[in-house]
Structure formats: C-alpha cells, structure tokens
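Each chain, written out:
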Amino acid sequence: EPEVTQTPSHQVTQMGQEVILRCVPISNHLYFYWYRQILGQKVEFLVSFYNNEISEKSEIFDDQFSVERPDGSNFTLKIRSTKLEDSAMYFCASIRDLTSNQPQHFGDGTRLSIL
Amino acid sequence: KNEVEQSPQNLTAQEGEFITINCSYSVGISALHWLQQHPGGGIVSLFMLSSGKKKHGRLIATINIQEKHSSLHITASHPRDSAVYICAVRRGADGLTFGKGTHLIIQP
C-alpha cells in the first residue's frame, strides 16, 4: 500500500538555525498537510496546501514557517530561525481529494529537537 | 473554533474486555477520524466517518451527527491494542482538529 514518507526521522538543530523537513505524499494525492505534536500534548494543525498554494493555516504557522512543493513529489516545511519551543514531532499527511470517503494518510513523523 | 473532547483520558482494562472510547465535538463537521498512535509516535488512521457506523475487524466506530458524538469500541481487547486513540474532526477543506487522546492499556 502506498505510504507517506518523511525524512529525516530525527533532526537535531541549534536554536536560530533553519531547518527543512521533507515529505513525499502519496503520488495521486492532491491535498497536503503539516501537523505538529509537542511532547505530551495533542496534535495540532499547522497548514494545508492545495494546487500549489496554502489553503489554510493555523495561528501557529507564523512568518517563521513556510511550505513548498518544489517538484512533483516533495512537500517541505521550512522553519527559518528555530526556537526551543519548535521542538516537537512534525507529521505530514495527504489525501487524494475531499469528496472521496478516504481518510488522511500520515507519515511516521520527524522528531525535531532544538538545542 | 471546534473543540474536541475525549473520555476517558486513561483506560486500563483486562484482556478480553469490551472497550469504549468517547468523543464529543462542538460545531458541525464534514468528517470525524479515529486514529491510533503507538509509542514512537506514528499515527495510523483507523476510521473516517461522516454518518452511521463502520466496522473493521474487532473495531467499531459510530457517530451521531445530531448529538455531535462518536464512539470507538474494541471487542475482545488484546494487549497489542494498547496505544493512544485519538479522535479528530474536519470541516470542509480545513486541517483536522484533534482531541487529546485516550491512553489505553490492555493487561494480559
């Protein structure tokens, strides 16, 4: 069965540095999402992306964050100047469309640790 | 803003017991998801519901749209069912809004 893949599985970065988290959604999927989960807390929505543009973003997704689909397969989340509080698990998800009766497919996540 | 409340927060049961996890949400939705998260963090989608009931193996999910309530049931529970079960809701094209999850432990 096709999967959403995320790399790296664990990223350790110094505070203030830029980080790029990568996702390869399922190939025929059209809607892409980033979520984060701070340790011990619930999963939170960051951003949704469709037709090469952001369709919705949460309050968390401030100017430090950006998303891009640089080619036909990758979907990236960039954090420009990382802060300690950006330490979290980041999940990518995708769905083919919103009308089919299909759930979102999640990647295994990238654990981001900011030192 | 949609709030998603789950109960119980923690549940410990003996192998073989029938398990029920509840989810309530505050505004109208287009779909409700039940997800499973194991230690190590990966999230697996179990069900997506917009009405009625779905069954997959020993798992059953129901939703009552009028009451804004959903339940996840596990029959003949097994230690391998131990995980965090998360309810999440979607409105239109929006991203999911998640509950805090129910930590389930099934003891042999």
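For clarity, every value in this text was computed on a predicted model and none was experimentally measured. (Residues numbered from 1 in each chain as written. Chains lettered and ligands numbered in written order. Predicted model: local features only at pLDDT ≥ 70, side-chain atom pairs only at ≥ 80, totals over all residues. Heavy atoms only, no water.)

Caption draft 1: Inspection of the overall build of chain A at higher detail. Scanning chain A from N- to C-terminus turns up 0 helices and 11 strands. Judged by the C-alpha coordinates and their principal axes, chain A covers about 40 × 25 × 25 Å. Of all 115 residues assigned to chain A, the portion counted as buried reaches 44%. Across chain A, the fraction of contacts at a sequence separation of at least 24, relative to all contacts at a separation of at least 6, is 54%. As displayed, chain A has an accessible area near 5900 Å², and 45% of this comes from carbon and sulfur atoms. (Helix = DSSP H or I, 4+ residues; strand = E, 2+ residues; numbered from the N terminus. Buried < 20%, exposed > 50% of the residue type's maximum accessible area, 1.4 Å probe, protein only. Contact = heavy atoms within 4.5 Å. Areas by Shrake-Rupley, 256 points an atom, 1.4 Å probe, with all protein chains shown as cover.)

Caption draft 2: Up close: the interface of chain A and chain B. With 19 residues of chain A at the interface, the matching set in chain B holds 19 residues. When chain A packs against chain B, close to 1600 Å² is buried across both sides, 58% of that on carbon and sulfur atoms. Applying the counting rule to chain A against chain B returns 0 salt bridges. The interface formed by chain A and chain B holds 3 residue pairs in polar contact (both at pLDDT 80 or more) in total. Every element with two or more residues in the side of chain A that touches chain B is listed here: β4 (31–37), β5 (44–50) and β9 (88–95) of chain A. Here the side of chain A that touches chain B gets 3 residues from one element, more than from any other, and that element is β4 of chain A. Partitioning the side of chain A that touches chain B into residue classes produces 9 nonpolar, 6 polar and 4 charged. (Buried area = accessible area lost by both parts, 1.4 Å probe. Salt bridge = Lys/Arg side-chain N within 4 Å of Asp/Glu carboxyl O. Polar contact = N/O pair within 3.5 Å; in protein donor to acceptor, adjacent residues only side chain to side chain. Nonpolar A, V, L, I, M, F, W, Y, C, P; charged D, E, K, R; others polar.)

Caption draft 3: Inspection of the sheet that holds strand β3 (residues 19–25) of chain B at higher detail. Residues and elements named next belong to chain B. Overall, antiparallel pairing links the 5 strands, which are arranged β1-β3-β8-β7-β6 in an open sheet. A strand with exactly one partner marks an edge of an open sheet, and here the two such strands are β1 (4–7) and β6 (52–56). The mean inter-strand angle of the sheet, taken between neighbouring strand axes irrespective of direction, is 15°. Both β6 and strand β7 (residues 59–64) contribute to a ladder of 5 bridges, which runs antiparallel. Across the sheet, the residue bridging to Lys54 is Ala61, located in β7. (Pairing = 2+ DSSP bridges. Axes fitted to C-alpha atoms, helices over the stretch in contact; angles between N-to-C directions.)

Caption draft 4: Looking closely at the sheet that holds strand β3 (residues 19–24) of chain A. Residue and element names in this part refer to chain A. The strand order across the open sheet built from 4 strands is β1-β3-β8-β7, with neighbouring strands paired in antiparallel fashion. Both edges of this open sheet fall to β1 (5–7) and β7 (65–68), since each of them pairs with a single strand only. Pairs of neighbouring strands in the sheet enclose a mean axial angle of 20°, with direction left out of account. With 4 bridges joining them, β7 and strand β8 (residues 75–79) adopt antiparallel strand pairing. Note that in β8 the partner of Phe65 across the bridge is Ile79.

Caption draft 5: Main features of the state of the cysteines. In this structure the tally under the stated criterion is 2 disulfides over all chains. Covalently, Cys23 of chain A is tied to Cys92 of chain A through a disulfide, its sulfur atoms 2.0 Å apart. A torsion of -65° about the S-S bond marks the disulfide between Cys23 of chain A and Cys92 of chain A as left-handed. One end of the pair, Cys23 of chain A, is in strand β3; the other, Cys92 of chain A, is in strand β9, and 69 residues separate them in sequence. Of the two residues, Cys23 of chain A and Cys92 of chain A, both sit in the buried class. Put simply, Cys23 of chain B and Cys87 of chain B are joined by a disulfide, and their sulfur atoms are 1.9 Å apart. Disulfide Cys23 of chain B-Cys87 of chain B: torsion about the S-S bond near -65°, hence left-handed. (Disulfide = S-S within 2.5 Å.)

Scope: geometric values only; no functional claims are made or implied.
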